[in-house]
Amino acid sequence: MRKHNINWVISISICLFLTGCLEKEIVDDINIESVEGFDLLGENEVMGTFVVPVYQADKTIVNETFSAISQLNKDILRSAQKESSVPIVNGSLELVLFNKAMAEKGIIQLVDGLQRDASIGTGLYLAIVDGETKELLEQNLGTRGTGDHLFNLVKHNIDRRDVPKTNMHIFLSDYFQKGKDPNLPILKKTEDSAEIVGVAVMKKDKYEMTIPNERLFYFKTLVDKHSDGTVSLGVDGKEEFVSIRSIKTDRKIKVKWEGDIPSIKIIVRMDGAVREYTGNKVTPKELKEFQKLLEDKIIKETESMIKEFQEKGVDPIGLGYEAKSRKRGFDYKKWKEETYPTLTVQVDADVRLISTGITE
C-alpha cells in the first residue's frame, strides 16, 4: 500500500514538472494565422504572407496580413513577427499556398519545414496559385475570414466535386513514393473572390502540367474515388445534352508481366444518375445509350491524359508503384527512362445508370 502511494506521488510530480515546461499562450495575446502564402521573388528570395482573422466586437471578422521577405531556407514567419505587436502562431493553420513560380522551382523545402512543426497537422491543405498569393490573400473573402473561405473552397471541391483528395500527408507520401507523383489544386484570384481553375500535376515537388476544370471529372476517376462529380455530354446525332452525376466510382489497376515487358489495364467502374436531360422522357433504350456514351468518353479522355503524362514524364496515377509491387528485382531507373514513356495502357469503363431522377 505504501509502495502504491509512492508511485502516485512520483507520477503526479512528473506531470507537474512537464506542465511547467510547456509554453503557455493566452488567445487574446497572440495572432493565430489561418492561411499563409509564398511567392518567389527573383532566384532565391521568397515573400511570405500570413493572414490573421481579427474578431470584432460586433462579431464581424477583419483580416490582418503580415508579410516578410527572406532567403529560401530561412524562417520567414520569424521575420514577419517584426510587423506584429503580439506573437504570430500557426496552430490553426489550415491552408498553405504557393505561387506558380515557386512551384516551378520546387516546394519541398518549405513543405518539409511545415511537416516538422508539431503544432501543424498533416491534414493541412496545400495549393498552387495562378498569380501572386499576396494579392489573393489581401482580399477580404467570405463572412468568416479569408483563411476560412479559401480552406472551405478547397475542402468543398475535394469532398463534393472533381478535385482529387490531397493534403500535406498525401503530398509527402506521393513525393517520397517511387513510381507516383503528387497533384495539388490550382486557385486563381477573380475580381472579388477566388476560384479553382484546375489541378497541378507535379514532377516530384515541381509544377509540370495543369489538368483544366473540364477534364477533372476524368482525372479524378483515375487517381481517386469519386462520389459526387458531374459531367455533361452531347448525345450523338441529336441536339440534346445529358448531365450525369456519379454516385460511386472505383478503379482497379491490373499489371501483367511477360519477362521485362508489362501490360497494364485500368478498369473504371461507375454508378451514376441522370441529373438532367434536354430531350423527352428517358427510356431504357436511351439509358443504355447514355451509359455507352459515358463509357466511351471516359476511355477517350483517360487514355489521352495517360499519354500526356508519359510525354511529360509524370505519373500521378502511380502506375510505377503498381508495376513495382508486382515484380521482384524491379529496375526503377529502366522503368522511368525506357518502359514508362512507351508503355501501352488500356482503359476499360463499366458505367451503370441506376437512377433517372424522381420523375421516373
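In this numbering scheme, every chain counts its residues from 1 along its sequence in written order. pLDDT decides what is reported in this predicted model: residues at 70 or higher carry local features, side-chain atom pairs at 80 or more are listed and counted, and totals for whole chains, interfaces and linings draw on all residues regardless. Side-chain numbers here rest on the full set of heavy atoms in the structure, without hydrogens or water.

Draft legend 1. Representation of the sheet that holds strand β2 (residues 35-41) within the structure. Pairing between strands is defined by DSSP: at least two bridges between them are needed. What counts as a helix is a DSSP run of H or I of at least four residues, what counts as a strand is a run of E of at least two, and both are numbered from the N terminus. In space, the eight strands of this open sheet follow the order β4-β3-β2-β6-β7-β8-β9-β10, with mixed pairing throughout. Each edge of the sheet is formed by a strand with only one pairing partner; in this case those strands are β4 (61-71) and β10 (206-212). Adjacent strand axes in the sheet meet at a mean angle of 30 degrees, parallel and antiparallel pairs treated alike. Sheet topology places β2 next to strand β6 (residues 95-99); four bridges connect them, and they run parallel. Within β6, the position partnered with glycine 37 by the bridge is leucine 97. Residues count as neighbours in contact if any of their non-hydrogen atoms are within 4.5 Å of one another. Only the contacting stretch of a helix is used when fitting its axis, a line to C-alpha atoms as for every element, and angles between N-to-C directions run 0 to 180 degrees. The strands touched by helix α6 (residues 146-159) are β2, β3 (45-55), β4, β6, β7 (125-129), β8 (183-189) and β9 (194-203); relative to β9, the strand with the most contacts, the crossing angle is about 65 degrees. Against the sheet, helix α8 (residues 213-223) touches β8, β9 and β10, its axis set at about 100 degrees to β10.

Draft legend 2. Geometry of the packing of helix α4 (residues 108-115) against helix α7 (residues 168-176). At a minimum axis distance of 11 Å, the contact between α4 and α7 shows a crossing angle of 125 degrees. Here α4 is positioned oblique relative to α7, judged by the angle of their axes. For α4 against α7, the interelement crossing comes out left-handed. Across the interface between the two elements, Ile108, Val111, Leu114 and Gln115 from α4 touch Met168, Phe171, Leu172 and Tyr175 from α7. The classification used treats Ala, Val, Leu, Ile, Met, Phe, Trp, Tyr, Cys and Pro as nonpolar, Asp, Glu, Lys and Arg as charged, and all other residues, Gly among them, as polar. Considered class by class, the residues forming the contact of α4 with α7 number seven nonpolar, one polar and no charged. When describing relative orientation, an angle under 35 degrees is termed roughly parallel and one over 145 degrees roughly antiparallel, while 65 to 115 degrees is termed roughly perpendicular and anything else oblique. Take the far helix as the reference: if the near one is turned anticlockwise from it by less than a right angle, the crossing is left-handed, and if turned clockwise, right-handed.

Draft legend 3. The packing of aromatic side chains, seen in detail. Centres within 6.5 Å make a pair out of two Phe, Tyr or Trp rings, where for Trp the six-membered ring is used; the pair is then stacked when the planes are under 30 degrees apart, edge-to-face when over 60, and tilted otherwise. According to the stated counting rule, one finds 11 aromatic pairs in the structure shown. Residues phenylalanine 171 and tyrosine 175 carry aromatic rings whose centres are separated by 6.5 Å and whose planes lie at 10 degrees to one another, so their mutual orientation is stacked. Of this pair, phenylalanine 171 and tyrosine 175 both sit in helix α7, four residues apart, which is roughly one turn of that helix. Each residue is assigned to one of three classes by its accessible area relative to the maximum for its type, calculated with a 1.4 Å probe on protein chains only: buried under 20%, partly exposed between the two thresholds, exposed over 50%. In this structure phenylalanine 171 comes out as buried when scored by relative accessible area, which is 0%. Using a relative accessible area of 16% as the deciding quantity, one classes tyrosine 175 as buried.

Draft legend 4. Here's a closer look at the sheet that holds strand β14 (residues 345-355). Read across the open sheet, the four strands follow the order β11-β12-β13-β14; overall the sheet is mixed. The strands lining the two open edges of the sheet, one partner per strand, are β11 (230-234) and β14. Pairwise comparison of adjacent strand axes, ignoring direction, gives a mean angle of 40 degrees for this sheet. Examined bridge by bridge, strand β12 (residues 241-258) and strand β13 (residues 261-277) share 16 bridges and lie antiparallel to one another. Bridge assignment links valine 255 to a residue of β13, and that residue is isoleucine 264.

Draft legend 5. Expanded view of the environment of lysine 292. Following the sequence through the fold, lysine 292 ends up in helix α9 (residues 284-312). Sequence-wise, lysine 292 and aspartate 350 are 58 residues apart; in three dimensions their C-alpha atoms are separated by 8.7 Å.

Draft legend 6. Just the pairing of β6, in detail. With five of its five residues buried, β6 lies for the most part within the structure. Neither face of β6 is exposed, since Leu95, Leu97 and Asn99 on one face and Val96 and Phe98 on the opposite face are all buried. Here β6 runs beside β7; their pairing, made up of five bridges, is parallel. Paired with asparagine 99 across the two strands is valine 129, which belongs to β7.

Draft legend 7. Seen up close, α8. Counting buried residues along α8, nine of its 11 residues qualify, which places the element largely inside the surrounding structure. Looking only at α8, the buried set comprises Arg215, Leu216, Phe217, Tyr218, Phe219, Lys220, Thr221, Leu222 and Val223.

Draft legend 8. Quick look at the packing of α8 against α9. Two elements in contact, α8 and α9, have axes whose closest approach is 10 Å; the angle formed by their N-to-C orientations is 80 degrees. With respect to α9, the element α8 is oriented roughly perpendicular. Residues Arg215, Tyr218, Phe219, Thr221 and Leu222 of α8 form the contact with α9, whose participating residues are Lys297, Ile298, Glu301, Thr302, Ser304, Met305, Ile306, Glu308 and Phe309. When its residues are assigned to classes, the contact of α8 with α9 shows seven nonpolar, three polar and four charged.

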